[in-house]
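Structural characterization, general
Each chain, letter by letter, is given below.
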Amino acid sequence: MLRRPEYRKALLFCGLIGIPVSLIAFWFLVAIHQLERLVWTDWPKDLGWEQPPWWWGFPLLLVAGVAVGLIVTRLPGRGGHIPAAGLHAGGTTKNALAGVVIAALFSLPLGAVLGPEAPLIALGGGTALLFASLVRAPQTEASTALLSAAGAAAAISALFGNPVVGAVLLMEVAGVGGPQLFAVMLPALLSSGVGALVFTGCVHWTGLPTGSLDIGLPKAPPLDAGDVLWVLPMAPALALLIHVVFVGGRFAAGFVSSWTVRNTTLCALGAAGCTALYTVVTGRSPSEVAMSGEATLGELAQDPHAWPVGALIAVLVFKALAYSLCLGSLRGGPVFPALFLGGAAGALLAPLPGFGLVPAMAAGMAAAVTAALRLPVSSVVLVVLLLGNAETVSVVMLAAVASFVLTQLLPQGPPIPAFSESSAGRAPGQEPSRHGRW
């Protein structure tokens with residue numbers, strides 16, 4: 001294949017397309033971050049509050065719900081994929097880029113419990129196709145899929161700060177290898193995790209050298225039997241929680257499809273109600289439930305003792321509910337809220353006898369993000385690179401495999417409804433006009 005001139009040209013173009021896609025992804029993420037800080041930190045302080053008041057999410061998510069509902073019904077591309085359907089590679093045309101960006105800018109900074117990864121994948125793939133059309137590159141079905149995947153990989157790599165995550169994630173999302181990929185990789189992950197546990201145990205118990213690659217970097221405390229034993233029930237329990245959240249998101253998507261603008265707004269206000277209840281119950285900031293949870297997860301990992309047990313339980317309950325509503329109504333990605341819920345569950349369970357904080361959070365995040373994405377390999381790579389802790393790799397693998405197997409065996413809930421512009425805003429039983437509009 002490398003000897004074919006057209007493939008070499010496509011390879012060169014994919015390399016070049018990474019430059020504008022990464023620049024666009026950079027400024028998109030900067031805009032999201034700055035808007036979040038402005039809305040949830042600066043404005044409350046300017047008005048004299050140390051943290052946003054309990055009602056802060058209602059006007060913000062009201063605007064988000066109305067705006068996204070209008071974008072879905074009026075702009076090409078429906079503002080991007082419904083998050084409850086998971087991540088998708090490609091499928092975003094250049095005409096849909098504006099709707100994807102605007103929907104994300106109204107959803108994410110205003111408190112939607114979603115992450116930026118799905119809009120970035122759509123933005124990267126659509127931008128690659130836009131540049132291809134500008135230079136009048138030949139576009140076949142194969143070249144379009146290749147360019148879209150390359151652009152999406154460049155954008156997602158910018159988000160996670162590592163090209164390996166982008167490449168592996170897009171391979172699984174795009175279904176490279178077909179169903180056989182999971183049939184081969186799942187046993188490989190399981191055997192690798194078990195083998196690493198046995199090997200590490202032998203090294204620690206005997207103290208004998210093995211000649212393994214070791215360049216002398218500082219290491220975290222080694223795993224012990226308690227870490228492994230607690231992961232076995234923890235991973236399926238978290239997988240079940242995230243699965244229920246996504247089934248709820250599918251029901252929310254069905255609810256939204258019947259009258260898009262009104263019901264999108266109601267779901268957004270329901271998420272705002274979750275942020276308000278959390279603040280009333282705990283006295284803590286509603287921003288801990290709102291948004292993706294990326295910043296809050298970092299704060300939790302750095303100082304878990306600042307979170308009482310009641311606050312951890314409350315944030316798990318209310319963020320899961322808000323996450324479910326946003327998955328079916330607003331626009332964004334499912335990764336970061338799942339990571340937060342897994343990390344919070346790990347911090348909550350870490351005080352159990354023999355369970356360490358680092359392996360608990362690592363296994364929790366692996367189980368949660370695997371249940372959300374149904375991509376076990378990408379989930380393992382993401383969590384391992386995110387934590388940078390080689391000692392937790394084996395429990396991360398075990399948690400990911402257990403989570404994937406359970407979520408695949410459970411009922412998947414109602415299908416994601418196919419949106420039709422002609423059905424947006426229609427009351428039940430109302431007939432279309434002769435012009436095709438309701």
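Residues take numbers from 1 onward in each chain, read along the sequence in its written order. Restriction of local features to residues with pLDDT of at least 70 applies here, the model being predicted, together with a cutoff of 80 or more for giving and counting side-chain atom pairs; totals for whole chains, interfaces and linings are based on all residues. Side-chain metrics in this entry use all non-hydrogen atoms of the structure; hydrogen atoms and water are not considered.

Time to look at the overall build of the protein chain. Put simply, DSSP marks the helices as runs of H or I at least four residues long and the strands as runs of E at least two long, and each gets a number from the N terminus on. Looking only at helices and strands, the protein chain features 15 helices and zero strands. Accessible area is worked out with a 1.4 Å probe on protein chains only. A residue is then buried under 20% of its type maximum, exposed over 50%, and partly exposed in between. Looking at the protein chain residue by residue over its 438 residues, the buried ones come to 50%. Any two residues having at least one pair of non-hydrogen atoms within 4.5 Å are treated as being in contact. Taking contacts inside the protein chain between residues at least 6 apart in sequence as the whole, the part at least 24 apart equals 78%. Within the structure as shown, the protein chain displays about 20100 Å² of accessible surface, and the carbon and sulfur contribution to it stands at 69%. Only the protein chains shown count as covering a residue, and every accessible area follows the Shrake-Rupley method with a 1.4 Å probe.

Another point: the pattern of salt bridges. Any two side chains of opposite charge can pair, so long as their charged atoms come close to each other. Here, a salt bridge means any Lys or Arg side-chain nitrogen found within 4 Å of an Asp or Glu carboxyl oxygen. Enumeration over the complete set of coordinates arrives at one salt bridge. Note that E288 is salt-bridged to R284, the shortest N-O span being 3.0 Å.

The next thing to look at is helix α14 (residues 376-387). Each residue after the first adds 1.5 Å to the expected span of a helix. Between its first and last C-alpha atoms α14 spans 17 Å; for 12 residues at 1.5 Å apiece the expected length is 16 Å, and the two agree. P376, V377, S378, S379, V380, V381, L382 and V383 are the residues of α14 that are buried. Following α14 by one or two positions, G388 has its phi on the positive side, about 60 degrees.

Before going further, it helps to examine the packing of helix α11 (residues 309-329) against helix α12 (residues 335-349). Their axes nearest at 10 Å, the elements α11 and α12 cross at an angle of 155 degrees. With respect to their mutual orientation, α11 and α12 come out roughly antiparallel. α12 is crossed by α11, and the crossing has left-handed handedness. On α12, the residues touching V309, L312, I313, V315, L316, K319, A320 and Y323 of α11 are P337, A338, F340, L341, A344, A345, A347 and L348. Here the residues of the contact of α11 with α12 sort into 15 nonpolar, no polar and one charged. Fitted lines through C-alpha atoms give the axes, limited to the stretch in contact for helices. The angle between two N-to-C directions lies from 0 to 180 degrees. Reported orientations rely on four angle classes, namely roughly parallel under 35 degrees, roughly antiparallel over 145, roughly perpendicular from 65 to 115, and oblique for the rest. What makes a crossing left-handed is the near helix being turned counterclockwise from the far one by less than a right angle; a clockwise turn instead makes it right-handed. Each residue receives one of three labels: charged for Asp, Glu, Lys and Arg, nonpolar for Ala, Val, Leu, Ile, Met, Phe, Trp, Tyr, Cys and Pro, and polar for the others, Gly being one of them.

Quick look at helix α10 (residues 294-302) now. When α10 is considered as a whole, its buried residues turn out to be T296, L297 and L300. Take α10 and look down its axis: the buried residues cluster within an arc of 105 degrees, on one side only. Pointing more than 90 degrees away from the buried face of α10 are the exposed residues A295 and Q302. Buried positions along α10 lie against α11, α12 and α13 (357-373). Each direction from the helix axis to a C-beta atom contributes to the arc, which is the arc of those directions.

A few words now on the nonpolar core. Buried together is how nonpolar side chains tend to be arranged in soluble globular proteins. If you look at the biggest cluster of nonpolar residues, it comprises 112 residues, and the most contacted ones within it are F160, Y323 and L339. Residue contributions to this core peak at 12 residues, all from α13. Once residues lying within four places of it in the same chain are set aside, the contact partners of F160 are V165, L169, V335, F336 and L382. The criterion is simple. A nonpolar core is a set of buried Ala, Val, Leu, Ile, Met, Phe, Trp, Tyr and Cys residues joined through side-chain atoms within 4.5 Å.

The next thing to look at is the environment of V396. Among the structural elements, V396 can be located in helix α15 (residues 393-409). Sequence-wise, V396 and A360 are 36 residues apart; in three dimensions their C-alpha atoms are separated by 9.4 Å. Once you skip the residues sitting within four places of it in the chain, V396 turns out to touch A362, A366, V380, V383 and V384.

Considered as a void within the structure, the second largest pocket measures approximately 690 Å³ in volume. Forming the walls of the second largest pocket are 26 residues, and the residues nearest its centre are H33, E36, M291, A295 and T296. Considered class by class, the residues forming the lining of the second largest pocket number 12 nonpolar, eight polar and six charged. Lining residues are those with an atom within 4 Å of a point, where the points come from a 1 Å grid over the protein atoms alone and group into cavities, where a 1.4 Å probe fits but cannot get out, or pockets, open sets with protein on both sides within 12 Å along at least five of seven lines. Grid points are joined across faces, edges and corners, and a volume is the space filled by probe spheres set on the points.

Glancing now at the environment of W56. Turning to its location among the elements, W56 is positioned in the loop between α1 (5-46) and α2 (57-74). For the pair W56 and G111, spaced 55 residues apart in sequence, the C-alpha separation works out to 9.8 Å. The residues touching W56, leaving out its near neighbours within four places in the chain, are V39, W40, W43, P44, L47 and W49.

Confidence of the predictor in every single residue is expressed as pLDDT, which spans 0 to 100. Model confidence for the protein chain is summarised by a mean pLDDT of 82, while 79% of its residues fall at 70 or above. Contacts for the low-pLDDT stretch residues 209-218, under 50 throughout, to residues beyond four places or in other chains number four contacts. A low-confidence stretch, residues 420-438 (pLDDT under 50), is modelled with 22 contacts involving residues beyond four sequence positions or located in other chains.

Counting across every chain of the model gives three cavities of 30 Å³ or more. Quantified by volume, the second largest cavity comes out at close to 50 Å³. Lining the second largest cavity are G79, G80, H81, V100, A118, P119, A122, R331 and G332. Counting residues per element, the lining of the second largest cavity draws most heavily on helix α4 (residues 117-134), at three residues.

Okay, a nonpolar patch on the surface next. Patches here are clusters of residues that have more than 30% relative accessible area and form no salt bridge, with a 9 Å joining cutoff for like charges and a 5 Å cutoff for nonpolar side chains (Val, Leu, Ile, Met, Phe, Trp, Tyr). A cluster of nonpolar side chains, namely L12, L16, I19, L23, F26 and W27, defines an oily patch on the protein surface of about 680 Å² accessible area. Mapped onto the elements of the fold, W27 is located in helix α1.

Glycine aside, the phi torsion of most residues is negative, and most peptide linkages are trans. A positive phi is found at R78, a non-glycine position, where the angle reads about 60 degrees. If you trace the backbone, R78 turns up in the loop between α2 and α3 (97-107). The residue R374 is not glycine, and still its phi comes out positive at about 60 degrees.

Tracing the backbone through its elements, the reader meets T127 in helix α4. Among all residues touching T127, those that are not within four sequence positions of it are V21, I24 and L97.

Let us look at the packing of aromatic side chains. Centre distance and the angle of the planes are the two values used to describe a pair of aromatic rings. Paired rings are identified among Phe, Tyr and Trp, the last through its six-membered ring, by centres lying within 6.5 Å, and are further divided according to the angle between planes into stacked (under 30 degrees), edge-to-face (over 60) and tilted (the rest). All chains considered together, the criterion is met by six aromatic pairs. Considering the side-chain rings of W55 and W56, the 5.7 Å spacing of their centres and the 45 degrees angle between planes classify their relative orientation as tilted. Grouping aromatic residues by their ring pairs yields a cluster made of W49, W55 and W56. Above the ring of F340, the side-chain terminus of K319 is found at 5.1 Å from the ring centroid. Only when the NZ of Lys or the CZ of Arg is both within 6 Å of the ring centre and within 35 degrees of the ring normal is a charge said to sit over the ring.

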